[in-house]
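Structure at a glance
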Amino acid sequence: MSAPVFQARGLTKVYRMGEAEVHALRGVDLEIFAGEFIVLLGPSGSGKSTLLNILGGLDTPTAGDVRFLEHQLTGADEAELTRYRREHVGFVFQFYNLIPSLTAQENVALVTDIAVAPMPAHEALDWVGLGERLDHFPSQLSGGEQQRVAIARAIAKRPQVLLCDEPTGALDYETGKLVLEVIAKINAELGTTAMVITHNAAISGMADRVLRLGNGRIVGEEKPARKLTPAEISW
Amino acid sequence: MKSLDRKLLRDVWLLKTQVVSIALVIACGIGGFIGSLSTHSSLLWSRQHYYDTARFAHVFATAKRAPASLATKLRGIPGVAEAETRVVRDAQLSLPGVVPPMIARLIGLDFAHPPGMNRLTLKGGRWPAPGAKGEVAVNQRFLVARGLKLGQTMTVLLNGKLERLTLVGTALSPEYIYATRGGGMPDDEWFAVLWIDERSLAAAFNMEGAFNSVLLRLQHGTSSGVAVEALDHLLEPYGGFGAVGREDQVSDKILTQEINEQKIFGTVLPAVFLLVAAFILNVVLHRQVNAQRGEIAALKALGYPDRDIAVHYLKFASVIVLLGVALGVWLGHWLGSAMTGLYTDFFHFPEFHYRMEPWLVLAGAGATLAAAFGGALAAIHGVVRLRAAEALRPPAPAEFRPLLVERLGYGQLLTPSQRMIMRNLERKPLRALITVAGIAASVAILISGIFWGDAIEWFMDVQFNRVQRAQVSVGFAEAVPRAARWELERLPGVKQVEVQRAIPVRLRAGHRSYRTAITGLADDAQLQRILDADLHAAKLVPGAVLLTTRLAERLAVRPGDTIQAELLEGERIKAGLRVGGSVDEMAGMNAWMRLEDLNHLAREADLVSGAGLLVDRDGERALLERLKQIPAAAVVIVTRTLVDTFRETSAKNVLFFTTILTVFAATIAVGVVYNNARIQLAERAWELASLRVLGFTRGEVSVLLLGELGLEIAAAIPLGFVAGFWLAALLLWFMPHDVISFPLVIYPGTYLFAGAVVAAAGVASALIVRNRIDNLDLVGVLKTRE
Ligand SMILES: Nc1ncnc2c1ncn2[C@@H]1O[C@H](COP(=O)(O)OP(=O)(O)OP(=O)(O)O)[C@@H](O)[C@H]1O
Ligand SMILES: [Mg+2]
């Protein structure tokens with residue numbers, strides 16, 4: 001395999017809330033390789049979102065060290081992190097975080113406005129199967145459709161990594177599956193490294209690798225013998 | 001167009017009512033600013049232009065009778081470019097059907113050769129023919145005030161002889177832009193300026209080969225001080241009454257005060273508006289930014305730098321500001337030309353000229369943008385600086401705590417609804433404070449704008465019921481023995497007579513000097529009293545002079561100091577005079593002495609120059625008719641007529657400003673209340689919808705939301721009363737008060753009116769929002785996450 005996309009050593013994150021300290025991450029080491037589909041599992045509060053946010057440059061660790069390819073993320077200032085996000089990372093969140101006052105196409109255009117070599121907004125929407133709904137506002141779309149717009153928005157910049165925090169958390173079973181299919185397709189066809197947080201162990205069947213977090217540490221790593229397609233999994 | 005800008009447009013559209021209501025507050029501020037200051041500069045310009053084209057004199061002097069040969073000497077005064085001499089006399093004037101006597105100021109002119117100074121503008125008819133005896137031109141103000149027609153005749157008492165004069169023309173003069181017999185009151189109905197052939201005037205008053213009035217124009221860059229001194233010196237042997245520079249010329253002085261008031265109005269009140277606008281903008285943006293926390297987080301995750309996001313919200317603020325500025329410039333232009341027109345009519349400037357200088361627009365827009373950006377940045381700062389990861393998390397649920405009343409153990413007195421209202425208030429004290437401050441500001445602005453009517457009323461009441469209590473004042477042509485009072489007492493209808501003596505004087509202290517009159521009062525004076533601003537009567541100090549505080553300040557003297565008095569009459573005594581005290585009088589630049597002391601100072605016998613009369617209402621007419629036949633009674637003023645004219649003039653102005661300010665204040669009140677209600681509604685829609693689902697009626701949930709605003713309005717109004725009082729005090733403090741210093745008097749009705757206007761505006765905007773509450777889309781609201 002080629003050089004790792006992400007390389008983390010001893011990642012620690014401590015939140016201070018007055019007197020109390022919350023240890024969200026307690027020394028995480030990991031390497032993630034180009035094109036991998038990673039599923040992050042773990043109980044609530046185990047530090048999944050914290051880890052993903054640090055990898056995505058939304059947050060900085062208290063101690064430890066992260067690299068993205070040749071970029072050192074630890075110690076980077078806000079401006080560098082912003083550029084890193086703008087050029088390399090696509091995010092998908094549980095609650096979509098679309099701009100309600102912009103249509104599907106315009107939400108995607110938010111990214112194409114600032115990215116270096118983006119794909120056209122309608123092409124990104126075609127990718128997620130919403131090529132017909134360009135001019136609909138978020139309020140006119142179902143939850144799953146909104147999430148697919150969010151995915152289109154994330155991939156429009158042709159990111160190297162796609163980071164998804166519980167993308168199906170707010171969706172029903174069928175819709176959730178549809179969204180996962182889109183992510184898997186992007187991973188497979190565009191070769192985008194994907195990292196998906198979920199509470200749903202069944203989804204791990206789709207992964208190249210499954211990382212288990214517990215109490216701020218990586219407590220397990222599995223490689224499914226056979227990678228399932230989203231259609232094959234059920235929960 | 002960038003997607004972020006598209007979002008901007010949509011957000012603006014979504015909040016259009018709020019955007020417009022804030023823009024209107026800004027527009028009022030800018031409009032007031034531009035309107036007042038452009039009026040100020042337009043009037044200054046109009047006056048300057050008028051003075052220049054009419055070649056208005058720089059120095060003015062009168063004397064008793066100086067030989068024409070003196071004119072060459074006048075021209076030789078250093079710094080003097082031109083000098084003109086003329087004959088000017090006041091005389092009694094009668095019009096058919098007008099009982100109270102009027103005064104005509106007759107000014108001799110050579111109509112064959114237009115004067116080099118104080119040139120007239122002919123408004124109608126023609127000039128009197130050179131040498132024609134019975135023809136006059138009249139000042140336009142008098143013609144209009146009296147509704148006279150050209151060709152009409154009137155009777156003037158010329159040196160004891162009644163003469164019929166025919167009006168052939170009407171004219172404007174820069175010398176009588178503001179025409180008055182004296183004092184600071186407009187006097188158009190009772191004071192006429194008549195221009196008449198100079199030879200016939202001179203002949204009537206035995207002034208051939210002589211003059212009694214001097215006008216000087218100075219060389220460029222010379223100040224009037226030196227010329228005034230030299231002129232006084234030259235005229236002294238001929239009974240000079242003391243020269244004055246332009247700044248002390250009556251018409252110019254009053255004009256200056258009126259014009260300068262615009263400047264104060266134009267800066268103090270708009271500042272309040274801009275402050276309120278900045279606060280509302282801050283609150284609205286705070287809400288906007290907080291509501292869009294998730295969107296901001298998403299933008300950050302997408303790689304938008306903080307700066308871009310901040311700029312996005314600043315653009316939102318700019319849209320509002322620019323809309324406000326555009327409306328404000330338009331409003332300011334309208335207001336400015338309306339006010340300039342009002343004043344141009346009022347002053348009878350020959351030309352209407354309105355100009356709005358570009359710097360006003362730039363300064364207004366700049367100040368507003370700065371204030372708005374200040375408010376916006378404070379709101380944006382916190383959220384934009386959040387780490388993206390934090391912004392992603394919804395804000396922690398608001399913390400509530402038991403109310404103060406509950407902590408004190410009186411909680412059970414409140415219903416749950418009342419508790420919700422009160423807890424909301426306690427939770428966001430700053431916002432509640434801003435709301436209260438905003439509403440209070442609108443009350444204050446209204447009060448500070450309309451209390452002038454009260455101040456004027458009070459001033460008139462004090463001036464004419466307590467200070468000058470005489471109903472009819474008589475001024476004698478020459479000082480007469482005190483015994484003249486017995487003759488006055490014998491006239492029909494006279495109930496009481498009180499004599500006094502006034503001697504024109506130039507007072508000096510060091511290099512400062514002021515030309516006024518010393519008035520000597522009887523020790524038991526009842527009809528003319530000396531009252532300070534608190535209506536305490538001041539006591540005359542034997543052997544000393546009592547000065548109006550303004551005059552003492554102008555001369556920079558204090559009680560105990562000695563000033564030089566040069567009497568400008570009779571023996572023209574020069575003597576040191578002790579300042580016995582100063583009294584904070586509302587009007588005038590007065591110097592008071594005991595009548596005996598004044599006559600002693602003048603080294604004259606027991607003389608008087610005028611008298612105040614109390615009159616039987618029924619006998620007034622007969623008395624006035626009788627007085628017209630007494631040549632010695634040169635000036636007769638009926639107090640009532642003065643008061644009526646003053647009321648009429650001020651009523652028009654007060655009404656105009658009251659209307660404008662009422663609209664402005666209502667705009668602020670609506671801006672504050674409406675925006676607040678909308679924000680509350682947006683923030684609590686979920687809560688209110690839940691309550692509706694639980695079975696609360698529309699009325700009940702409205703009370704929850706609007707109850708808070710009701711409390712805030714109720715708290716703000718009394719606060720606004722206090723703020724209005726102080727704002728009025730501030731305005732008064734800034735106002736020029738060379739002529740009259742108005743008292744800080746605000747009648748209860750004014751408070752009541754201001755409170756009612758603002759309460760009504762508040763209720764109206766609450767009702768608009770109530771309509772929205774009623775139409776709350778329950779399903780829609782409950783589906784959204786926020
Ligand atoms: N801003 C913060 N301040 C304080 N504590 C925090 C903050 N963010 C996260 N934490 C704490 O850090 C720990 C890890 O949080 P994290 O959000 O990474 O968990 P998670 O695994 O994503 O949980 P979930 O599955 O519920 O989303 C939790 O205990 C959380 O309370
Ligand atoms: Mg999480």
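This text gives an overview of the structure that appears in the document. (Residues numbered from 1 in each chain as written. Chains lettered and ligands numbered in written order. Predicted model: local features only at pLDDT ≥ 70, side-chain atom pairs only at ≥ 80, totals over all residues. Heavy atoms only, no water.)

**What to know about the packing of aromatic side chains**
Residue and element names in this part refer to chain B. The final tally for this structure, using the stated rule, is 17 aromatic pairs over all chains. Between the aromatic rings of Tyr-176 and Phe-191, the centroid separation amounts to 6.2 Å while the plane-to-plane angle is 50°, which identifies the pairing as tilted. Of this pair, Tyr-176 sits in the loop between strand S8 (161-172) and strand S9 (191-197) while Phe-191 sits in strand S9; the two residues are 15 residues apart in sequence, bridging distant segments of the chain. As far as burial versus exposure is concerned, Tyr-176 and Phe-191 are alike and both buried. For the ring pair Phe-725 and Trp-726, a centre distance of 5.4 Å and an interplane angle of 90° mean the geometry is edge-to-face. Among the residues examined, Trp-726 registers a relative accessible area of 57% and is labelled exposed. In this structure an aromatic cluster arises from ring pairing among Tyr-50, Tyr-178, Tyr-343, Phe-346, Phe-347 and Phe-349. Here Lys-16 stacks its cationic end above the ring of Trp-13, 4.4 Å away from the centre of that ring. Over the ring of Tyr-178 we find Arg-141, and its NZ or CZ is 5.9 Å from the ring centre. (Phe/Tyr/Trp six-rings, centres within 6.5 Å; stacked < 30°, edge-to-face > 60°. Helix = DSSP H or I, 4+ residues; strand = E, 2+ residues; numbered from the N terminus. Buried < 20%, exposed > 50% of the residue type's maximum accessible area, 1.4 Å probe, protein only. Lys NZ or Arg CZ within 6 Å of the ring centre and 35° of its normal.)

**Overview of the pairing of strand S10 (residues 210-218) of chain B**
Residue and element names in this part refer to chain B. Of all nine residues that make up S10, nine are buried, and the element is covered over most of its length. Inspection of the sheet shows strand S1 (residues 59-67) paired to S10 by six bridges, in the antiparallel sense. Paired with Phe-60 across the bridge in S10 is Leu-215. Here strand S2 (residues 80-86) runs beside S10; their pairing, made up of six bridges, is antiparallel. Residue pairing in the sheet places Arg-86 in a bridge with Ser-213 of S10. (Pairing = 2+ DSSP bridges.)

**A short note on a nonpolar patch on the surface**
All names here are of chain B. Taken together, the side chains of Val-20, Leu-24, Leu-323 and Leu-327 present a nonpolar region at the surface, about 280 Å² in accessible area. For Leu-24, the position within the fold is in helix H2 (residues 16-54). Residue classification places Leu-24 among the partly exposed residues on the basis of a relative accessible area of 37%. (Patch = residues over 30% accessible without salt bridge, like charges linked within 9 Å, V, L, I, M, F, W, Y side chains within 5 Å. Areas by Shrake-Rupley, 256 points an atom, 1.4 Å probe, with all protein chains shown as cover. Salt bridge = Lys/Arg side-chain N within 4 Å of Asp/Glu carboxyl O.)

Geometric values such as these leave the question of function open.
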